[in-house]
Amino acid sequence: MKLGWLLPFCRRSGAVQMAIDRWLLDRVEMGEMEGPVLRFYQWAAPTLSLGFHQKLSSLPKGVGELDVVRRPTGGRAVLHQATGELGDLTYGIVADGLGTHRRRAYERLCQFLRRGLLDLGVEVSFGEGGRGYVGEASCFRTATAADLCWRGRKLVGSAQVWRRQVVLQHGTILLQPDRELWERVLPGSSQGVVGVNEVLSNPVEIDRAIATLTHAASDCLGVRWQPLSLSGEDWQVIADLSSQFSLPSATRQK
């Protein structure tokens, strides 16, 4: 087995989480760290993340109450809820050596999600839709071939950004959607989604979900994970990067 890096679980603001993912991508792309790098995290407050190229004008009025950040990856808006088993879990993975075919890279990297969710008791498959995706404000209004669904309802949405042969893929695993919040922020989005803890008779705790998915990633990618601790200097670089991803409320209202 080759070695990979595993960051500890953390809960931080959306801007900081996006900065961590970008920082990891930068380090692997510049050869300062060899991938793959895996991490799981949650958001410190309900947050809406936008795809890198998504226009602010596409957002509905209900987002005014939330923090809003722009992801380094593509795709459409994703609602990240409060923390714990009642919210969602975000994963991020930076990898190289996957070639340049993006569809195949999605399939390869999503295998550990399918395996881990199956081990938790939830069988998912790739989405088959995607028509009209670009015209939607919400990522979860439709399921593309890069997404994972349970009985036709979207459970995991993922997005990528590439730097030459290095890819950052991160995505949201729904645990238990707050449907009232979803309808208030992204009207109509809650109808086609489902959470892990809505499927299982016994809700899975966040620590168990992370441990199961981490083990699945080790098996599917042939990687033995070693812990990665960030230094004070690393955190300072990340803090400086975070300002690039936050969208101030005044900007959002234009």
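Here, the structure is the one placed above.
Residues numbered from 1 in each chain as written. Predicted model: local features only at pLDDT ≥ 70, side-chain atom pairs only at ≥ 80, totals over all residues. Heavy atoms only, no water.

Novice: I'd like a description of unusual backbone geometry, backed by residues and values.
Specialist: Even without a glycine there, the phi angle at Arg151 is positive, about 50°. Note that Arg151 resides in the loop between strand E9 (148-150) and strand E10 (153-163). Even without being a glycine, Arg164 presents a positive backbone phi close to 55°. (Helix = DSSP H or I, 4+ residues; strand = E, 2+ residues; numbered from the N terminus.)

Novice: An account of the environment of Thr214 is needed here, citing residue identities and associated values.
Specialist: Summarising the element assignment, Thr214 is placed in helix H5 (residues 206-221). Residue classification places Thr214 among the buried residues on the basis of a relative accessible area of 13%. Each C-alpha atom of the pair Thr214 and Gly116 lies 7.9 Å from the other, and the pair is 98 residues apart in sequence. Contact partners of Thr214, with chain neighbours within four places excluded, come to Leu6, Leu38, Phe40 and Trp225. (Buried < 20%, exposed > 50% of the residue type's maximum accessible area, 1.4 Å probe, protein only. Contact = heavy atoms within 4.5 Å.)

Novice: An account of the sheet that holds strand E6 (residues 78-80) is needed here, citing residue identities and associated values.
Specialist: Sheets are built from strands paired through backbone hydrogen bonds, the pairs being either parallel or antiparallel. Taken in spatial order, the three strands of this open sheet run E5-E4-E6, and their pairing is mixed. Single-partner strands in this sheet number two, and they are strand E5 (67-70) and E6. Averaged over neighbouring strand pairs, the angle between their axes works out to 25° when direction is ignored. With three bridges joining them, strand E4 (residues 47-50) and E6 adopt antiparallel strand pairing. Counterpart to Ser49 in the pairing with E6 is Val78. (Pairing = 2+ DSSP bridges. Axes fitted to C-alpha atoms, helices over the stretch in contact; angles between N-to-C directions.)

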